[in-house]
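# Structural overview
Listed below, chain by chain, are the residues.
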Amino acid sequence: MEEDILYHLDLGTRTHNLPAMFGDIKFVCVGGSPNRMKAFAQFMHKELGLEGSGEDLADICAGTDRYAMYRTGPVLSISHGMGIPSISIMLHELIKLLHHAKCRDVTIIRIGTSGGLGIEAGSVVITDTAVDASFQPRFEQVVLGDVVVRSTDLDRDLAEELLACSKEVPDFPTLIGHTMCTYDFYEGQGRLDGALCSFSSEKKLEYLKRAHEAGVRNIEMESTAFAAMCGLCGLKAAVVCVALLDRLEGDQIRAPREVLREYQQRPQRLIAAFIRRPLPCDYMSVPLSFT
Ligand SMILES: O=P(O)(O)O[C@H]1O[C@H](CO)[C@@H](O)[C@H]1O
Ligand SMILES: O=c1cc[nH]c(=O)[nH]1
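Owing to the predicted nature of the structure, the values given are computational and were not obtained by experimental measurement. (Residues numbered from 1 in each chain as written. Chains lettered and ligands numbered in written order. Predicted model: local features only at pLDDT ≥ 70, side-chain atom pairs only at ≥ 80, totals over all residues. Heavy atoms only, no water.)

### Describing the environment of Glu206
With respect to the helices and strands, the residue Glu206 is situated in helix H5 (residues 201-213). With 42 residues separating them along the chain, Glu206 and Leu248 place their C-alpha atoms 10.0 Å apart. (Helix = DSSP H or I, 4+ residues; strand = E, 2+ residues; numbered from the N terminus.)

Encoded structure:
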């Protein structure tokens, strides 16, 4: 293409110098909420010891209200909204952006929230395998009317490295497990408290227990598409989500807002420890080259 317009990001190859804006990005963190991703960028700014308070980081996608994007040092932080269609559109344009910007050796991590399965609320789950609602490690995408099945493998070494980094943030439990990805928050996750419910409490518990036996430790709504797209495009990817509740104990998220806010920071703290870890070639020794 002579020109590539990244419509939902309000960026393009003619209108923006993408290599200059993004060429040195090494970590991309994505999550559902625009405010969370802004807070994460500000937090990383402080953690990396970059100049200024970071309070004034600008939304790079301010021309559109579909997604929000912030950068600090080698870290790009982007919101993706809720569910597979929303994250999938964002990832198409983000991956093209990384390609046009000639980025190399990028690690991409989804930092999210989830419903836990047989784990304490506030626990952080690092996904080893993203599975669908039938507990299968696959992402089904309809392409030209046909169902195309894609693998949902994530980087095992990255997951282990993240688990090792969790020792630096010992004030909450972190574990590795399967993450189940659904197309809905209510009936799709076996909740009884939606506007519609077509099953009994017993059937719900029987399903969630089967999921637990299959190795599922948390449930969210983007991981299979995220794993499939990043895997096919050669990006090293991880999913790290905090559990807001234990779904074996209920459906409603009852924790007070301050507690939920602190829970949301847990994956961010773990990822900060990961990004800050010493590397053979330490990018933190050259912070002045980052804006
Ligand atoms: O916390 P985030 O990233 O938005 O993700 C989780 O929260 C949303 C539902 O509340 C879904 O998108 C689910 O995947
Ligand atoms: O139960 C939950 C909590 C957060 N996000 C989900 O998708 N499910």
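### A short note on the site of ligand 1
Near ligand 1, the surroundings consist of 13 residues, among which Gly32, Arg36, Arg110, Thr113 and Glu222 are the closest. Within the backbone of Gly32, one N or O atom sits 2.9 Å away from an oxygen atom of ligand 1. At 2.5 Å from an oxygen atom of ligand 1 is found a side-chain nitrogen or oxygen belonging to Glu222. With three residues, the top contributor of residues to the shell around ligand 1 is strand E6 (residues 107-116). Residues of the shell around ligand 1, tallied by class, amount to three nonpolar, six polar and four charged. (Near = heavy atom within 4 Å. Polar contact = N/O pair within 3.5 Å; in protein donor to acceptor, adjacent residues only side chain to side chain. Nonpolar A, V, L, I, M, F, W, Y, C, P; charged D, E, K, R; others polar.)

### Some details on the side chain of Arg266
Its place among the elements puts Arg266 in helix H7 (residues 257-276). Since its relative accessible area comes to 12%, Arg266 is described here as buried. Setting aside residues no more than four positions away along its own chain, Arg266 makes contact with Gly122, Val124, Phe172 and Val242. (Buried < 20%, exposed > 50% of the residue type's maximum accessible area, 1.4 Å probe, protein only. Contact = heavy atoms within 4.5 Å.)

### Structural notes on the pattern of salt bridges
If you walk through the whole model with that rule in mind, you get 16 salt bridges. Between Glu222 and Arg110 there is a salt bridge, with the nearest N and O atoms lying 3.1 Å from each other. With Glu222 in the loop between strand E11 (216-220) and helix H6 (223-232) and Arg110 in strand E6, the pair connects residues that are 112 residues apart, well separated along the chain. Assigned by exposure class, Glu222 and Arg110 land together as buried. A salt bridge links Glu262 to Arg266; its shortest N-O distance comes to 2.9 Å. With Glu262 and Arg266 both in helix H7, this residue pair falls four residues apart, about one helical turn. Look at Glu262 and you get partly exposed, because its relative accessible area is 26%. Where salt bridges share partners, they join Asp171, Glu262, Arg266 and Arg269 into one cluster. (Salt bridge = Lys/Arg side-chain N within 4 Å of Asp/Glu carboxyl O.)

### A look at the UniProt feature "binding site: substrate" (unreviewed entry) in the chain
With numbering matched to this structure, UniProt assigns "binding site: substrate" (unreviewed entry) to Gln189 and Arg191. Not counting chain neighbours up to four residues away, the residues in contact with Gln189 comprise Thr182, Asp184, Leu208, Ile219, Glu220, Met221 and Arg247. Structurally, Arg191 can be placed in the loop between strand E10 (174-181) and H5. The exposure class of Arg191 is buried, given its relative accessible area of 1%. Among all residues touching Arg191, those that are not within four sequence positions of it are Phe185, Tyr186, Cys197, Phe199, Leu245, Arg247, Asp251 and Ile253. Within the local environment of Arg191, its side chain forms a polar contact with the backbone oxygen of Phe185, the two atoms lying 3.0 Å apart. (UniProt positions renumbered as here; feature names shortened; annotations may be inferred.)

### Comments concerning the packing of helix H2 (residues 34-47) against H7
Interaxial distance between H2 and H7 falls to 10 Å at its minimum, and their mutual angle equals 35°. Handedness of the H2/H7 crossing: right-handed. On H7, the residues that touch Arg36, Ala39, Phe40, Phe43, Met44 and Glu47 of H2 are Gln264, Gln268, Arg269, Ile271, Ala272, Ile275 and Arg276. Residue composition of the contact of H2 with H7, by class: seven nonpolar, two polar and four charged. (Axes fitted to C-alpha atoms, helices over the stretch in contact; angles between N-to-C directions. Left-handed = near helix turned anticlockwise from the far one by under 90°.)

### What about the nonpolar core?
With 39 residues, the main nonpolar core has Phe22, Val28, Met69, Leu91, Leu94, Ile108 and Phe226 as its most contacted residues. Contributing elements (two or more residues each) for this core: helix H1 (18-22), strand E3 (27-31), strand E5 (75-79), helix H3 (84-100), H6 and strand E12 (236-246). (Core = buried A, V, L, I, M, F, W, Y, C linked by side-chain atoms within 4.5 Å.)

### Digging into H2
Between the first and last C-alpha of H2 there are 20 Å, a value that for 14 residues agrees with the 20 Å anticipated at 1.5 Å per step. Lining the buried residues of H2 we find E3, strand E4 (69-72), E5, E6 and H7. One or two residues past the end of H2 sits Gly49, with phi positive at roughly 65°. (Expected span 1.5 Å × (residues − 1).)

### Some points on the UniProt feature "domain: Nucleoside phosphorylase" (unreviewed entry) in the chain
With numbering matched to this structure, UniProt assigns "domain: Nucleoside phosphorylase" (unreviewed entry) to residues 26-276. As annotated, residues 26-276 comprises 33% helix and 27% strand, and the C-alpha atoms at either end are separated by 12 Å.

### A word on the state of the cysteines
Counted according to the given criterion, the structure contains zero disulfides. Here Cys61 stays unpaired: no disulfide links it, and the sulfur of Cys103, its closest cysteine neighbor, is 14 Å away. A relative accessible area of 0% places Cys61 in the buried class. Cys233 carries a free sulfur, and the closest cysteine sulfur to it, the one in Cys230, is 7.3 Å from it. (Disulfide = S-S within 2.5 Å.)

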